[in-house]
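# Chains, contacts and geometry: an overview
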Number of protein chains: 2
Amino acid sequence: MAIADSAGDTPDLVILGAGTTQTAAIEGISAAGADPALRVHTPSADAEIVTYGDVADAPTVPVSPSGCPTPAVVTRAARELLGFEWVTVDAGLTHTAGAPTVDFGIDQGQDIRKAVAVPEAQAIVDRTRTYTRELSVDRIAVAETIPAGTTTALAVLEALGERPVVSSSLPDNPMEQKRAVVEQARTASDIDAGDCSGSPIEAIHAVGDPVQAAVLGMLLGATDAGIDVECWGGTQVLTMIALARHAGCSAELSAATTSYVAGDDSAAVHALASDVDAALTVTDPGFAGRDHPAMAGYEAGEAKEGVGMGGALAALDRADKLSALPDQVTTVYDRVCPPEVIDGH
Amino acid sequence: MAIADSAGDTPDLVILGAGTTQTAAIEGISAAGADPALRVHTPSADAEIVTYGDVADAPTVPVSPSGCPTPAVVTRAARELLGFEWVTVDAGLTHTAGAPTVDFGIDQGQDIRKAVAVPEAQAIVDRTRTYTRELSVDRIAVAETIPAGTTTALAVLEALGERPVVSSSLPDNPMEQKRAVVEQARTASDIDAGDCSGSPIEAIHAVGDPVQAAVLGMLLGATDAGIDVECWGGTQVLTMIALARHAGCSAELSAATTSYVAGDDSAAVHALASDVDAALTVTDPGFAGRDHPAMAGYEAGEAKEGVGMGGALAALDRADKLSALPDQVTTVYDRVCPPEVIDGH
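Residues numbered from 1 in each chain as written. Chains lettered and ligands numbered in written order. Predicted model: local features only at pLDDT ≥ 70, side-chain atom pairs only at ≥ 80, totals over all residues. Heavy atoms only, no water.

When you go through chain A residue by residue, the secondary structure sums to 15 helices and 7 strands. A compact globule built from 345 residues would reach a C-alpha radius of gyration of about 20 Å, and chain A, at 18 Å, matches this within 12%. Projected onto the principal axes, the alpha-carbon positions of chain A cover approximately 50 × 45 × 35 Å. Sorting the 345 residues of chain A into buried and exposed places 65% on the buried side. The long-range share in chain A, meaning contacts at least 24 apart out of those at least 6 apart in sequence, stands at 79%. (Helix = DSSP H or I, 4+ residues; strand = E, 2+ residues; numbered from the N terminus. Rg over C-alpha atoms; globule rule 2.2 N^0.38 Å. Buried < 20%, exposed > 50% of the residue type's maximum accessible area, 1.4 Å probe, protein only. Contact = heavy atoms within 4.5 Å.)

Listed per partner, the contact involves 37 residues of chain B and 36 residues of chain A. Counting each side, the surface lost to burial between chain B and chain A is near 2700 Å², with a carbon and sulfur contribution of 52%. Seen at the junction of chain B and chain A, the total is 4 salt bridges. Between R79(B) and E85(A) there is a salt bridge whose closest N-O contact spans 3.0 Å. Viewed at the interface, chain A and chain B are joined by 9 residue pairs in polar contact (both at pLDDT 80 or more). (Buried area = accessible area lost by both parts, 1.4 Å probe. Salt bridge = Lys/Arg side-chain N within 4 Å of Asp/Glu carboxyl O. Polar contact = N/O pair within 3.5 Å; in protein donor to acceptor, adjacent residues only side chain to side chain.)

Residue and element names in this part refer to chain B. Scanning the model with the defined rule gives 28 salt bridges over all chains in all. One salt bridge in this structure joins D9 and R139, with 2.6 Å as the shortest N-O distance. With D9 in the segment before β1 (13-18) and R139 in strand β4 (residues 139-145), this residue pair connects regions lying 130 residues apart in the sequence. A relative accessible area of 37% places D9 in the partly exposed class. Residue class for R139 comes out buried when judged on its relative accessible area of 17%. Taking the shortest distance from any N to any O, the salt bridge between D275 and R163 comes out at 2.7 Å. Here D275 is found in helix α11 (residues 269-275), whereas its partner R163 is found in the loop between α5 (149-160) and α6 (175-189), with 112 residues between them in sequence. D275 gets classed as partly exposed once you look at its relative accessible area, which sits at 34%.

Rotating chain B by 180° and moving it 0.0 Å along the rotation axis overlays it on chain A with an RMSD of 0.0 Å. The relationship between the two copies is best expressed as a two-fold rotation axis. When the interface residues of chain B are mapped onto chain A, 97% of them again fall at the interface, so both copies present the same face. (Least-squares fit on C-alpha atoms with pLDDT ≥ 70 in both.)

Before going further, it helps to spend a moment on the packing of aromatic side chains. Scanning the model with the defined rule gives 12 aromatic pairs over all chains in all. Where F287(A) meets Y298(A), the ring centres are 5.9 Å apart and the plane angle is 70°; that geometry is what we call edge-to-face. Of this pair, F287(A) sits in the loop between β7 (278-283) and α12 (296-299) while Y298(A) sits in helix α12; the two residues are 11 residues apart in sequence, bridging distant segments of the chain. With respect to class, F287(A) is no different from Y298(A); both count as buried. Where F84(B) meets W86(B), the ring centres are 6.3 Å apart and the plane angle is 45°; that geometry is what we call tilted. Each member of the pair, F84(B) as well as W86(B), carries the same accessibility label: buried. Among the aromatic residues, those joined into a cluster by ring pairs are Y52(A), F104(B) and Y131(B). (Phe/Tyr/Trp six-rings, centres within 6.5 Å; stacked < 30°, edge-to-face > 60°.)

Turning to its location among the elements, S254(B) is positioned in strand β6 (residues 253-258). The exposure class of S254(B) is partly exposed, given its relative accessible area of 23%.

Residue and element names in this part refer to chain A. Of all the 8 residues making up helix α7 (residues 200-207), 6 are buried; the element is thus mostly covered by neighbouring parts of the structure. Buried within α7 we find P200, I201, A203, I204, A206 and V207. Here the buried face of α7 lies against α4 (121-133), α5 (149-160), α6 (175-189), α8 (210-224) and α9 (235-246).

Residue and element names in this part refer to chain A. The calculated volume of the largest pocket comes to roughly 380 Å³. Around the largest pocket sit 23 residues that line it, and V229, E230, E252, L253 and S254 are the ones nearest its centre. Ranked by residue count, the leading element in the lining of the largest pocket is strand β5 (residues 228-232), at 5 residues. A breakdown of the residues in the lining of the largest pocket according to their chemical character gives 11 nonpolar, 5 polar and 7 charged. (1 Å grid on protein atoms, 1.4 Å probe; cavity = no way out; pocket = protein on both sides within 12 Å on 5 of 7 lines; lining within 4 Å. Points joined across faces, edges and corners; volume = space filled by probe spheres on them. Nonpolar A, V, L, I, M, F, W, Y, C, P; charged D, E, K, R; others polar.)

In this structure, A303(A) is a non-glycine residue whose phi angle is positive, near 65°. Checked against the element boundaries, A303(A) lands in the loop between α12 and α13 (309-318).

Here E85(B) shows up in the loop between α3 (72-82) and β2 (86-90). Residue class for E85(B) comes out buried when judged on its relative accessible area of 11%. Here R79(A) takes part through its side chain, which lies 3.0 Å from a polar atom of the side chain of E85(B).

The two faces of a sheet get side chains in turn, since along a regular strand they alternate between them. Residues and elements named next belong to chain B. Counting buried positions over the 5 residues of strand β5 (residues 228-232) gives 4, a clear majority of the element. Summarising the sheet, β4 and β5 pair through 4 bridges and their orientation is parallel. Bridge assignment links I140 to a residue of β5, and that residue is V229. By the bridge criterion, 3 bridges tie β5 to β6 in an arrangement that is parallel. If you follow E230 over to β6, its bridge partner there is S254. Crossover handedness for the path β5 to helix α9 (residues 235-246) to β6: right-handed. (Pairing = 2+ DSSP bridges. Right-handed = clockwise from strand over helix to strand, strands pointing away.)

Residues and elements named next belong to chain A. Examined against the element boundaries, R245 turns out to sit in helix α9. Given the relative accessible area of 18%, R245 is considered buried. The spacing of R245 and L216 is 29 residues in sequence and 9.8 Å in space, taken between C-alpha atoms. Not counting residues within four places of it along the chain, the set of residues in contact with R245 comprises S250, A251, E252, L253, V276 and D277. Side-chain polar atoms of R245 contact the backbone oxygen of A251, separated by 2.7 Å.

This part covers α5(A). Residues and elements named next belong to chain A. Compared with the 16 Å implied by 1.5 Å per residue over 12 residues, the 16 Å span of α5 between its first and last C-alpha is a close match. Counting buried residues along α5, 12 of its 12 residues qualify, which places the element largely inside the surrounding structure. Restricting attention to buried positions, one finds in α5 the residues G149, T150, T151, T152, A153, L154, A155, V156, L157, E158, A159 and L160. Those residues of α5 that are buried lie in contact with α6, α7, α8, α9 and α11 (269-275). Immediately downstream of α5, the backbone of G161 shows phi near 85°, a positive value. (Expected span 1.5 Å × (residues − 1).)

See below:
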């Protein structure tokens, strides 16, 4: 039941879970925003960019501290080439987005170093499970945007007793810092590694984030209803698949990520996908040799994934349109980052 | 900057202002919902239908008391044929929609028989004016869904001193009842006909509704920015154009409505369009002779317009796809109104 003329083999609907956690205020942990003050706007800005092709209400385009633009630019470029339907679920945004969002009343996540990270984890899962269960579609994709999401993913993987490996939006994954934060989180919640095996809600409640809860519910609701569901992303969405497995979901689940995540030795994404019984697609966007500010950062190991980028690349590849991506990324970048915006940093 | 493959000559973005007013609780004034209790859900359900192709959270598909389905079904069918981008602005919804909505914190309108109908009229106009002014698009359309919207339109036209003629979602326009309500509204607000000439915000504040405020702001913001804007609807959107004229807007503005509104002798839509210097397009959906529950009601004079239907028809006509509409309406109707839903009434 896709809108007419969406090209190629794409889902009927791509749903972005967009939220925030106070964990992102920890210095040095995330590159999803130029600084911590701007980082809280990143998921709202991401939603605006994929929806409108530009920021609307958000103060600026999210860039890493070194200037690499958000993967939302790449996903938007893919959307302009493929025309897929897109919905953003507010999974704990702190700033009202100028983009349309589905409002289930989900709050920002707490710093995971507190005893409770997501007080309403069960209610969020119940709510979003009903949402996707009742969609009149055959096939959906889910994606995420939440600064510090790999840190909360690491915490959840440890709590579940899964392989504790995650990627990073930074060229050098600050794994030691992440592990220290996660250890503080587990101590505050009185959880040892593996204690939440078979109890995914408990894992999110103690050390997770609200986007994990929202996406977990959407995965469960879709599979309840026999809707095919694919996950567009890397180690964060694989963590969400792990949560679904620990909730007893045995349906076919897949993830599609970028060659940057697959090439991140700190992440072991293939092993993690295998652990959680998820088919994994890896796609190279073809940015090599493009000396352009929208693409060079990715080749240098920044950003890597997010806002559905990996799945958007896979959908482009299936539609045989991947070669058109770099030029379209340039078009989107020139729209969202006109010179005066760059100078404003 | 439209998403790829949207067919024909369509706007980059169609924006629905969706809201409610307590005026709709007056018995007999609106057919936008089977009864007053269900009517408060109508705009949320409309947004869901155009977004997803089916209701999601809303309790049921909006139908008139006799069973004619909401024009959202027709607009959705057109969208499946044309693929245009769609955004819903929450302009005073009382029930959180399962559809994504842009949230500017706009409240439900008061019963216009009270002294003040839209306390925050100025703030709403300011907010939505900024919203469209900053969109990176060349061309937008605006549309409306608000039960009792023709009654509040009549009140505003009178307050502005414009021709007091509006259409109706009922086969027999209850103009006497509307005029009585509007007279009570003007008395409560101490406004004579024409008192608000040149003061559009005052007119909305006293006797209007929040969707008028939201759409007025969007019209002003778009024309501020040199964005082409067309209005998809009948006498309600012409009232919004009248408000823009009284705000000093001299930009080219147009409306596109259905043959049902144009054929409604109580409405004088051509004269109203001429009064407010708006080019008017009228399109016949080709439902004549279709003995189908989704279309027969329209041919009998029900619903007539709303949720962008008239503009969607015009866009289909420009794309030479109008002849495909009736079959697509059948497809959408069968999806949104399966037998068990109909039986539920």
